[in-house]
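Tertiary structure, described
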Amino acid sequence: MQAPLIIGSDIRSISATALKTLSNKAAIAINQDPAAYPPKVISKSNSSQVWARQLHNGDVAVAMINTGDSPVDITLLLSDVVCATCPRKASVTDVWAGVDSLGSYGSNIRDSGSGASIDVENSYTAKSVQKHETILLRLTPSATA
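Residues numbered from 1 in each chain as written. Predicted model: local features only at pLDDT ≥ 70, side-chain atom pairs only at ≥ 80, totals over all residues. Heavy atoms only, no water.

So, the layout of surface pockets
What the second largest pocket holds in volume is close to 180 Å³. Thr 17, Lys 20, Thr 21, Asn 24, Val 95 and Trp 96 are the residues that line the second largest pocket. In terms of residue class, the lining of the second largest pocket is built from 2 nonpolar, 3 polar and 1 charged. (1 Å grid on protein atoms, 1.4 Å probe; cavity = no way out; pocket = protein on both sides within 12 Å on 5 of 7 lines; lining within 4 Å. Points joined across faces, edges and corners; volume = space filled by probe spheres on them. Nonpolar A, V, L, I, M, F, W, Y, C, P; charged D, E, K, R; others polar.)

A closer look at unusual backbone geometry
Even without glycine at this site, Ala 36 takes up a positive phi of about 55°. Even without glycine at this site, Ser 128 takes up a positive phi of about 50°. Considering the arrangement of structural elements, one finds Ser 128 in strand 8 (residues 123-129). A relative accessible area of 43% means that Ser 128 is categorised as partly exposed. (Helix = DSSP H or I, 4+ residues; strand = E, 2+ residues; numbered from the N terminus. Buried < 20%, exposed > 50% of the residue type's maximum accessible area, 1.4 Å probe, protein only.)

Observations concerning the pairing of strand 3 (residues 60-66)
Most of strand 3 is tucked away: 6 of the 7 residues are buried. Direction of pairing for strand 3 relative to strand 9 (residues 134-141): antiparallel, over a ladder of 6 bridges. Looking across to strand 9, one finds that Ala 63 is bridged to Leu 136. (Pairing = 2+ DSSP bridges.)

Comments concerning the nonpolar core
If you look at the biggest cluster of nonpolar residues, it comprises 21 residues, and the most contacted ones within it are Val 62, Met 64, Leu 76, Val 81, Tyr 124, Leu 137 and Leu 139. Sequence-distant contacts of Val 81, defined by excluding residues within four places in its chain, comprise Ile 42, Ala 52, Gln 54, Val 60, Leu 76 and Leu 139. Of all hydrophobic cores here, the second largest spans 6 residues; its members include Ala 27, Ile 30, Leu 55 and Leu 136. (Core = buried A, V, L, I, M, F, W, Y, C linked by side-chain atoms within 4.5 Å. Contact = heavy atoms within 4.5 Å.)

Set out below in structure tokens:
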């Protein structure tokens, strides 16, 4: 179920933003995860979708997509992506934006070595996701309650 990474543009003339997106090592790692589990729709509304995919090491990749034409808040319930007997706690890393998109969490931000992350319990809300924007997260569930 993994998709090949195909660039449909002339790489000699793509924008700096497109190049940064296409060369994001954390996003490539999710795409090329050896487990190759298919993603599943976790929630869907008129203005948003949340997709999740288990990764080989127990982490979960989550895409939060604004399908509407105005900014929205999108919430992920950890109970939807971690095992029934697991704690509802996780470290959340924003694959695209790092510190900027997690800024509303203030002092909870820490550097995980692979980008800015925060520790959350029960749920995570992406605030003001812009129209047609996708937030890509990597969650590392906590091993203890």
